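Okay, here's what each chain looks like letter by letter:
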Amino acid sequence: MDRIKITGGQRLNGTIPISGAKNAALPLMIAALLTPDRLTLKNVPNLADVMNLGRILRNHGVDFSIAGKRPGQAEMQGETFHLTARDIVDTTAPYEMVSKMRASFWVLGPLLARCHEARVSLPGGCAIGTRPVDLHLDGLRALGAQIDLEDGYVVAKAPGGLTGGHIIFPKVSVGATHNVLMAAVLAKGETLIENAAREPEIGDVANCLVKMGAKIDGINTATLRIEGVPYLEGAVHTVLPDRIETGTYAMAVAATGGEVLLEGARADLLEEALDVLEKAGVSIERTNHGIKVAKNGQDLQPVDVETRPYPGFPTDLQAQLMALMTRVPGRSRIRETIFENRFMHVQELARLGAKISLEGDTATITGVPQLRGAQVMATDLRASASLVIGGLMAQGDTIINRVYHLDRGFERLEQKLERCGAQITRLSE
Ligand code: UD1
């Protein structure tokens, strides 16, 4: 199993290209199930989760190929995927595949919409809470699906096809919004989704669906109105930049000091997180090419932050912000309101010498003057990124075990950081 070794204490200076967003690329790939025509996706990040989903889609009969990069542009362009679901040959998504990645559960809505049946294993994904799927199932039931649970599988049927419905989500869910939206575009009649998640990745998928011929009003708002169409066609779409990767590197620079241009990043996708960093004393400059992040000299100020659905502070940046605050003088407070068990990084950061106390959903971080390198273990995707930030700040060597978590969601992380002066290497075994 690969490990990452970081020798801390180097400032970061230079340019980091921001990849396409994992959390948009995955549902965009799934949207290919909705049409027999070709869907071309540009700027897809090369990640373990993306390749894993590719395998799942192939199993359903999707013809999937990755086009070559243009010479000289390999670093920046991401990859171009061509996906064609001419015939869906299998409407089952098996346990061995879905258990590796939660987002693959989102094939349920599109399969049901196009084939009127689907059998999808209950999902896996990062162990950050109970992560139920009741909202997905209730939403699809509102579109006329009959749903049973059999031997760990969701078995869904809509014999005459799905019909439009009215869904008021009792809680904001990114996945349930994706699932129901992708089902509703091919349902008969009008669907109204209220209290929809507004994460930019949902807007990106909705915009792609519109290019494919879907009729969706209210994109990027909490109320989506969808007029079902009988058929969607192919399209070409470019995946939007990854706001979580952007925020992670911004926090890494804030942690080590230095100045880095996050090339291709879009500030409008993470204003709340940038605002938190600016208030803490990090310099953020929004440019036409991306976001310039700088931290020189003076200590940062502690923060008091709660994670919230978009446009609030993202839960996917909570662990990274916590790592940053471990060395900020004074007391910071971070409250996690989205997932009930998303504090596994706390004990790992403690190995580096961080002082963090937990009470219910709230972590209190008391800044210490220095962290010291140690052996730590990556426990989930975003927590792993927090350990990288911890390692970059710590004196001496930090070894991060189980880096396959990082490979699921961060493209070429070591390379991007190394180019900016970090001492970071992958130890392959
Ligand atoms: C997505 C993101 C993940 C991010 C999360 C919250 C992807 C691939 N993953 O995950 O990175 O951390 O949004 O921004 O885009 N819930 C229910 N019932 C359900 C569904 C969810 O109770 O049927 C709860 C969850 O347990 C959680 C909350 O709703 O407490 C939010 O979860 P949700 O937005 O659905 O997260 P994911 O879509 O799994």
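Some words on the layout of surface pockets
Then step 1. Taken as a whole, the second largest pocket spans an internal volume of roughly 300 Å³.
Then step 2. Taken together, 20 residues form the lining of the second largest pocket, with Ala254, Ala255, Thr256, Lys295 and Arg327 sitting closest to its centre.
Then step 3. Elements with a contribution of two residues or more to the lining of the second largest pocket: helix 9 (243–256) and helix 13 (381–393).
Then step 4. At 3 residues, the largest contribution of residues to the lining of the second largest pocket is made by helix 9.
Then step 5. Of the residues belonging to the lining of the second largest pocket, the class tally is 10 nonpolar, 6 polar and 4 charged.

Topic: the site of the ligand
Then step 1. Around the ligand there are 20 residues in total, and Asp134, Ser173, Val174, Asp316 and Ile338 lie nearest to it.
Then step 2. Between an oxygen atom of the ligand and a main-chain N or O atom of Val174, the distance comes to 2.7 Å.
Then step 3. Protein burial of the ligand: of its 740 Å² of free accessible surface, 90% is covered by the chains.
Then step 4. Counting residues per element, the ones that place at least two in the shell around the ligand are helix 6 (134–142) and helix 7 (174–184).
Then step 5. No other element matches the 3 residues that helix 6 contributes to the shell around the ligand.

Remarks on the domain arrangement of the protein chain
Then step 1. Here the protein chain is partitioned into domain 1 (3–19 + 241–427) and domain 2 (22–238).
Then step 2. Each of domain 1 and domain 2 has a C-alpha centre, and these two points are 30 Å apart.
Then step 3. Tallying the contact residues gives 25 residues for domain 1 and 21 residues for domain 2.
Then step 4. Carbon and sulfur atoms supply 52% of the area buried between domain 1 and domain 2, which totals about 2,200 Å² over both sides.
Then step 5. Area buried by domain 1 at its contact with domain 2 is led by Tyr310, Arg408 and Glu411, which between them contribute 29% of it.
Then step 6. If you tally residues by element for the side of domain 1 that touches domain 2, the top one is helix 14 (residues 404–409), at 3 residues.
Then step 7. Residues of the side of domain 1 that touches domain 2, tallied by class, amount to 9 nonpolar, 3 polar and 13 charged.

Conventions adopted
Residues numbered from 1 in each chain as written. Predicted model: local features only at pLDDT ≥ 70, side-chain atom pairs only at ≥ 80, totals over all residues. Heavy atoms only, no water. 1 Å grid on protein atoms, 1.4 Å probe; cavity = no way out; pocket = protein on both sides within 12 Å on 5 of 7 lines; lining within 4 Å. Points joined across faces, edges and corners; volume = space filled by probe spheres on them. Helix = DSSP H or I, 4+ residues; strand = E, 2+ residues; numbered from the N terminus. Nonpolar A, V, L, I, M, F, W, Y, C, P; charged D, E, K, R; others polar. Near = heavy atom within 4 Å. Polar contact = N/O pair within 3.5 Å; in protein donor to acceptor, adjacent residues only side chain to side chain. Areas by Shrake-Rupley, 256 points an atom, 1.4 Å probe, with all protein chains shown as cover. Domains from an automatic or database assignment. Contact = heavy atoms within 4.5 Å. Buried area = accessible area lost by both parts, 1.4 Å probe.

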